[in-house]
Structures are given as structure tokens and as C-alpha cells.
Amino acid sequence: MAVKKKPTTKAAVKPRTDEEMAGLITSPRVQAALTIHQWQGSEVGINAYAEELSTQIDKVNAGDMKRPEAMLLMQACTLDGLFNNLARKAQIQSHMPHYETFLRLALKAQGQCRSTLETLSAIKNPPLIFAKQANISNGHQQVNNGIPAPAPHAEEIKKQQNELLEQTHGERLDTRTTSAAIGVNSDLETVE
């Protein structure tokens, strides 16, 4: 099935105001087109990249996830290859700083590969959520489910005096007075 190209006019391509120009330049598709153009070379123009990205955005918005799924799988494969290459380079190093750097980069690539595969798995198999009731609102929301039961009354709590300052016979300890000296334990002697 051939994809029909959208007719474009000069007004659609060239915004007339600074605000329109700023909106176009900061749009994700144009930023991505600029980045791809810089990294891939100048064989294809920026406008062609931006047009292709717009087509891909429209497909994803319509629910076609084939390209994002393929992209994630290929990124995971690339990261896996990067991990193996860096791990092999780390193994042949004779200086510890070089060994450590290559191995650290290899493990980062391995972690990114795992993360990419988890993302792909979440797209292919979204988690199931069993909700008894879902309340989704963009603002304030009140949900009344039936007649509320009367709230139980809180019991009145008796304040108890601090028993730590009481002796066993009920007399309050007076911490401001000096106490009597304790007798010396005669069984203990100094060690020489």
C-alpha cells in the first residue's frame, strides 16, 4: 500500500511569526530531525527527516506500534553487542584503570540492554490492574458510595501520672535533694 504524501504549502513550511518559528524549532520532531541529520550526515535533508518522523508519529498515534517495538529490539541487540565487545576489551587490558573503565562501560551497556528489554516487554504485555473502582479526574472529585456509617466516637483517654518518678511505696522521688551515700562494698579490692 503506497503512502500518499501530504500536500504542503509555503505557509505550512515557513511560519510567519517568531512564535510560530519558535514552536516549530522546539518541536520534538524537528529536534530529532536535526540530531539525526547531524549524526547521519547530510545525504538527506532535514525536512525529509522531519516529514518521515511526522509519518511515524501519526502511525504510533493510530495505534501501530510495530516500528517502536522493532526499534527497541534493535537497540537491545546493539547494546548486547556493545556489552560483549567492551567485556572482551576489558579482559585483555593489563593496566587496572583501563580494565576497570572497559568493564564499567560494559556493565552499563548490559544494564541499558536489560532496561530496554523490560520496556519492550511492558509494551507487548502491559500489566493487568484489577480495580474495584477507578476514579479518574482532571480536577477535584468527590465519590459517594452509598450511605456512610456513623463514625465511632473516640474514647476519652485518662491521663496517667508518670509512674517512673514514683517509688514502690507511692512516695514521689525528689530529684532536687542530695541522697545519702552508699556504703562501700568490702568484698571488692583494687587490682594491682
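Figured I'd write up the structure that's included with this text. (Residues numbered from 1 in each chain as written. Predicted model: local features only at pLDDT ≥ 70, side-chain atom pairs only at ≥ 80, totals over all residues. Heavy atoms only, no water.)

1. A short note on the packing of helix α5 (residues 66-91) against helix α6 (residues 96-124)
Consideration 1: It is at 8 Å that the axes of α5 and α6 come closest, and there the two elements cross at 160 degrees. The orientation of α5 with respect to α6, classified from their angle, is roughly antiparallel. As α5 runs across α6, the sense of the crossing is left-handed.
Consideration 2: Residues that form the contact of α5 with α6 fall into these classes: 20 nonpolar, six polar and four charged. (Axes fitted to C-alpha atoms, helices over the stretch in contact; angles between N-to-C directions. Helix = DSSP H or I, 4+ residues; strand = E, 2+ residues; numbered from the N terminus. Parallel < 35°, antiparallel > 145°, perpendicular 65-115°, else oblique. Left-handed = near helix turned anticlockwise from the far one by under 90°. Nonpolar A, V, L, I, M, F, W, Y, C, P; charged D, E, K, R; others polar.)

2. What about the packing of helix α3 (residues 28-40) against helix α4 (residues 46-61)?
A pair of packed helices can be characterised by two numbers: the angle between their axes and the separation between those axes.
Consideration 1: At a closest axis distance of 8 Å, the pairing of α3 and α4 adopts a crossing angle of 130 degrees. Judged by the angle between their axes, α3 and α4 are oblique. The element α3 and its partner α4 pack so that their crossing is right-handed. Contacts between α3 and α4 involve R29, A32, A33, L34, I36, H37 and Q40 on the former and, on the latter, I46, Y49, A50, L53, S54 and I57. (Contact = heavy atoms within 4.5 Å.)

3. Observations concerning the side chain of T116
Consideration 1: Within the secondary structure layout, T116 lies in helix α6.
Consideration 2: Not counting residues up to four positions away in its chain, the partners in contact with T116 are L72, Q75, A76 and L79.

4. With respect to a nonpolar patch on the surface
Consideration 1: A cluster of nonpolar side chains, L73, M74 and L117, forms an exposed patch at the surface whose accessible area comes to about 260 Å².
Consideration 2: One can find L117 in helix α6. (Patch = residues over 30% accessible without salt bridge, like charges linked within 9 Å, V, L, I, M, F, W, Y side chains within 5 Å. Areas by Shrake-Rupley, 256 points an atom, 1.4 Å probe, with all protein chains shown as cover. Salt bridge = Lys/Arg side-chain N within 4 Å of Asp/Glu carboxyl O.)

5. What to know about α3
An α-helix turns once every 3.6 residues. As a result, residues three or four positions apart point the same way.
Consideration 1: In a regular helix each residue adds 1.5 Å, so 13 residues correspond to 18 Å; α3 covers 18 Å between its end C-alpha atoms and thus fits that length.
Consideration 2: All of the buried residues along α3 are V30, A33 and H37. The buried residues of α3 occupy one face: seen down the axis, they fall within an arc of 55 degrees. Projecting away from the buried face of α3 at angles above 90 degrees are the exposed residues P28, Q38 and W39.
Consideration 3: Along its buried surface, α3 packs onto α2 (18-25) and α4.
Consideration 4: Just downstream of α3, G41 is the residue with a positive phi angle, here 105 degrees. (Expected span 1.5 Å × (residues − 1). Buried < 20%, exposed > 50% of the residue type's maximum accessible area, 1.4 Å probe, protein only. Arc of directions from axis to C-beta.)

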